[in-house]
Amino acid sequence: MEQPEKCELCVPRSVLAENALAYVRADNHSLSPGHVLVVPKRHVADFFEMSAEEQISVLELLRDAHQLALAQHSPDGFNIGVNIGQAAGQSRMHVHVHLIPRYLGDVANPKGGIRCVLPGNRPS
């Protein structure tokens, strides 16, 4: 596991919103306008290893980020995602919840949503 002193998510930067236990920042590799990360301030790798209070704080900020995205970008939908473990694609071992605004026409066929992360599941 990466050490907290080397973890870019341990130090809140470009904070869009925050509370005592978590913060919101823009995603460095944005998939769409308004794509943000909601991050607990404590270095913890697994969503399920966060305290109940941290999970609540993250979810409260997810709601705030949703409202901010609606106001600033007027998306047509959203995906929310958390990768837990390398097998699920987690590359930064600090919990971060993606809020990804979606727009009509941003992909040819969005049917299936997050079910399409595994090969062979994308509808034709």
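Preceding this paragraph is the structure being described.
Definitions and limits used
Residues numbered from 1 in each chain as written. Predicted model: local features only at pLDDT ≥ 70, side-chain atom pairs only at ≥ 80, totals over all residues. Heavy atoms only, no water. Disulfide = S-S within 2.5 Å. Buried < 20%, exposed > 50% of the residue type's maximum accessible area, 1.4 Å probe, protein only. Pairing = 2+ DSSP bridges. Helix = DSSP H or I, 4+ residues; strand = E, 2+ residues; numbered from the N terminus. Axes fitted to C-alpha atoms, helices over the stretch in contact; angles between N-to-C directions. Salt bridge = Lys/Arg side-chain N within 4 Å of Asp/Glu carboxyl O. Patch = residues over 30% accessible without salt bridge, like charges linked within 9 Å, V, L, I, M, F, W, Y side chains within 5 Å. Areas by Shrake-Rupley, 256 points an atom, 1.4 Å probe, with all protein chains shown as cover. Core = buried A, V, L, I, M, F, W, Y, C linked by side-chain atoms within 4.5 Å. Contact = heavy atoms within 4.5 Å. Polar contact = N/O pair within 3.5 Å; in protein donor to acceptor, adjacent residues only side chain to side chain. Expected span 1.5 Å × (residues − 1). Arc of directions from axis to C-beta.

J.: Could you clarify how one ought to interpret the state of the cysteines in this entry?
T.: Think of a disulfide as a covalent bridge from one cysteine sulfur atom to another cysteine sulfur atom. Per the stated rule, a full pass over the model turns up 0 disulfides. Of all cysteine sulfurs, the one in C10 lies closest to C7, which takes part in no disulfide; the gap is 3.8 Å. Exposure remark for C10: the relative accessible area of 18% places this residue in the buried category.

J.: Explanation requested: the sheet that holds strand β1 (residues 15–18) in the structure shown.
T.: Note on sheets: strands pair through backbone hydrogen bonds, and any given pair is parallel or antiparallel. Judged by pairing direction, the sheet is antiparallel, and its 5 strands sit side by side in the order β1-β2-β3-β5-β4 without closing on themselves. Of all strands in the sheet, those with a lone pairing partner are β1 and β4 (77–81), marking the two edges. Between one strand axis and the next, the sheet turns by 20° as a mean value, whatever way the strands run. For β4 and strand β5 (residues 97–102), the ladder comprises 5 bridges, and the chain directions are antiparallel. Each bridged residue has a counterpart across the sheet, and for N79 the counterpart in β5 is I100.

J.: Would you mind showing me how to read the pattern of salt bridges here?
T.: Oppositely charged side chains may form a pair once their charged atoms are brought near each other. A complete count under the given rule lists 5 salt bridges for this structure. R25 is the salt-bridge partner of E8, the closest N and O atoms lying 3.4 Å from each other. Of the two residues, E8 sits in the segment before β1 while R25 sits in strand β2 (residues 22–26), which places them 17 residues apart along the sequence. Taking relative accessible area as the criterion, E8 reaches 33% and is therefore assigned partly exposed. The partner of R42 in a salt bridge is E54, with the nearest N and O atoms 2.7 Å apart. Of this pair, R42 sits in the loop between β3 (36–40) and α1 (52–73) while E54 sits in helix α1, and the two are 12 residues apart along the sequence. Residues joined in a network through salt bridges with shared partners are E8, R25 and R92.

J.: Even after reading the chapter, I still don't get a nonpolar patch on the surface, so can you show me in this structure?
T.: A cluster of nonpolar residues, F48, V82 and I84, forms a patch on the protein surface that exposes about 270 Å² of accessible area. Structurally, I84 can be placed in the loop between β4 and β5.

J.: Hey, could you run me through the nonpolar core in this one?
T.: One recurring pattern in soluble globular proteins is that nonpolar side chains are buried together. Ranked by internal contacts, the top residues of the largest apolar core, which has 14 residues, are V24, V38, M50, V58 and V97. The set of elements that each furnish at least two residues to this core consists of β2, β3, α1 and β5. With 4 residues, the single largest contributor to this core is α1. Setting aside chain neighbours within four positions, we find M50 in contact with P40, R42, V44, Q55, V58 and V95. One finds C7, L9, C10 and V39 within the second-largest nonpolar core, a separate group that totals 6 residues.

J.: Quick question: what am I supposed to make of the side chain of R25 here?
T.: Note on R25: relative accessible area 6%, which makes it buried. Among the polar contacts listed, one links the side chain of R25 to the side chain of E8, at a separation of 3.4 Å. Only 2.9 Å separates the side chain of R25 from the side chain of N28, close enough to count as a polar contact. If we skip the residues at most four places from it in the chain, R25 touches E8, L9, R13, S14, L16, V36 and L37.

J.: What exactly am I supposed to notice about α1 here?
T.: Each α-helix turn comprises 3.6 residues. Residues three or four places apart therefore point the same way. For α1, spanning 22 residues, the distance from its first C-alpha to its last is 31 Å, which sits close to the expected 32 Å at 1.5 Å a residue. Of the residues making up α1, those classed as buried are E54, S57, V58, L61, L62, A65 and A69. The buried residues of α1 occupy an angular sector of 145° when projected down its axis, which confines them to one face. Within α1, the exposed residues directed more than 90 degrees away from the buried face are E53, R63 and A71. In the core, the buried residues of α1 are packed alongside β1, β2, β3, β4 and β5. One or two steps after α1, the chain reaches S74, where phi turns positive at roughly 50°.

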